[in-house]
Amino acid sequence: MKTKQVIEVIRGLVPKWIELLKLQNWSIDINYMQGHGEISDEGFRTHALCSSNWRHMTALIQFWPKDLRDETEEYIEYVVVHELLHVLVNEMREEGIDHEERVVTHLAKAALGISNA
């Protein structure tokens, strides 16, 4: 698949999963990066990266479409969902059970929405 096709696949998937995961109230920006993502200490290439600010309900997701050209649409969908879930769980980095409870409540409602879709 060409890089432009990867971008089109991502553009089609992001709104679908924002709705399914009930993230419509968040401000989520998407950037398509040039070049290649970094390689982790474990040897895996970063296909996407999410920075989230749960206090202000904003997030930035960066995709490296060039690194996804040889992947299936199913895998690209997994990457989109994975990064959007980071939007939700970022808050769990805070101390205390309250944040975890709020995130799990949101995930439960999102899961029920997906099962009824």
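Residues numbered from 1 in each chain as written. Predicted model: local features only at pLDDT ≥ 70, side-chain atom pairs only at ≥ 80, totals over all residues. Heavy atoms only, no water.

1. Section: the packing of aromatic side chains
Counted under the stated rule, the structure contains two aromatic pairs. When the centroid spacing of 5.8 Å and the interplanar angle of 40° are considered together, the rings of Tyr75 and Tyr78 count as tilted. Note that Tyr75 and Tyr78 are positioned in helix 2 (residues 73–89) at a spacing of three residues, about one turn of the helix. Among the residues examined, Tyr78 registers a relative accessible area of 47% and is labelled partly exposed. (Phe/Tyr/Trp six-rings, centres within 6.5 Å; stacked < 30°, edge-to-face > 60°. Helix = DSSP H or I, 4+ residues; strand = E, 2+ residues; numbered from the N terminus. Buried < 20%, exposed > 50% of the residue type's maximum accessible area, 1.4 Å probe, protein only.)

2. A look at the sheet that holds strand 1 (residues 27–32)
The three strands lie next to each other as 1-3-2, forming an open sheet whose pairing is mixed. Two strands close off the open sheet at either side, each with one partner strand: strand 1 and strand 2 (48–53). For this sheet, the mean angle separating the axes of adjacent strands, direction not counted, is 15°. Where strand 1 meets strand 3 (residues 58–63), six bridges bridge the pair, whose relative direction is parallel. Residue Asn31 lies in a different strand from strand 3, and its bridge partner there is Gln62. Of the strands in this sheet, strand 1 and strand 3 touch helix 1 (residues 3–20), which is tilted by about 170° from strand 1. Helix 2 contacts strand 1, strand 2 and strand 3 of the sheet and is inclined by roughly 20° relative to strand 2. (Pairing = 2+ DSSP bridges. Axes fitted to C-alpha atoms, helices over the stretch in contact; angles between N-to-C directions. Contact = heavy atoms within 4.5 Å.)

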